[in-house]
Amino acid sequence: MVTYKELLVKQSPESQQRIKDKVEALRQEVVLSQLREELSMSQTELAQAIGVSQPTIAKMERPENDPRLSTLKRYVAALGGELSINITLPTGKRVGFRL
């Protein structure tokens, strides 16, 4: 059986980048909507908690959206959660931030 990585290296560099971009977009889409769905919250309910419209939440959850950290923090806070960032430096040192 061929793995994803084995298939990917056979593609042109341009194709590899398009695939990586699509994977990243799908990852972002799944994460935000899954957070909300994990709490059985609708887009409308979340929009009311943040103080925006439901279409704004739908836009935030789209894969092509690249939200600012402040927007992401509001989204997570409205779900009752906390946002943190973990950074791993090339030296192996890890640094974490709560926003």
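These notes cover the structure that comes with them. In this text, all values refer to a predicted model and were calculated from it rather than measured experimentally.

With that settled, consider the pattern of salt bridges. In total, this model carries three salt bridges according to the counting rule given. Across the pair Glu61 and Arg36 runs a salt bridge, and its minimum N-O distance is 2.7 Å. Residue Glu61 is found in the loop between helix 4 (54-60) and helix 5 (69-78), and its partner Arg36 is found in helix 2 (residues 13-38); the two are separated by 25 residues along the sequence. Given a relative accessible area of 6%, Glu61 falls into the buried group. On the accessibility criterion, Arg36 (8% relative accessible area) is buried. Via salt bridges that share partners, Arg36, Glu37 and Glu61 belong to a single interconnected network.

We now examine the pairing of strand 2 (residues 94-98). Burial analysis of strand 2 places just zero of its five residues in the buried class, a small minority of the element. Note that strand 1 (residues 84-88) and strand 2 share five bridges and pair antiparallel. Note that in strand 2 the partner of Ile87 across the bridge is Val95. A loop of five residues connects strand 1 with strand 2, the two strands running antiparallel in sequence, and Gly92 in this loop sits at a positive phi of about 95°.

What counts and what doesn't
Residue indices follow the written sequence of each chain, beginning from 1 at its first position. Per-residue local features of the predicted model are confined to residues with pLDDT of at least 70, and side-chain atom pairs are confined, for both listing and counting, to 80 or more; whole-chain, interface and lining totals are unaffected and use all residues. Excluded from the side-chain calculations are hydrogens and water; all other atoms, namely the structure's heavy atoms, are used. Only one rule defines a salt bridge in this text: a Lys or Arg side-chain nitrogen within 4 Å of an Asp or Glu carboxyl oxygen. Helix and strand definitions here come from DSSP, where helices need a minimum of 4 consecutive H or I residues and strands a minimum of 2 consecutive E residues; each element is numbered from the N-terminal end. Each residue gets one of three labels from its accessible area relative to the maximum for its type: buried under 20%, exposed over 50%, partly exposed in between, using a 1.4 Å probe on protein chains only. For two strands to count as paired, DSSP must find a minimum of two bridges between them.

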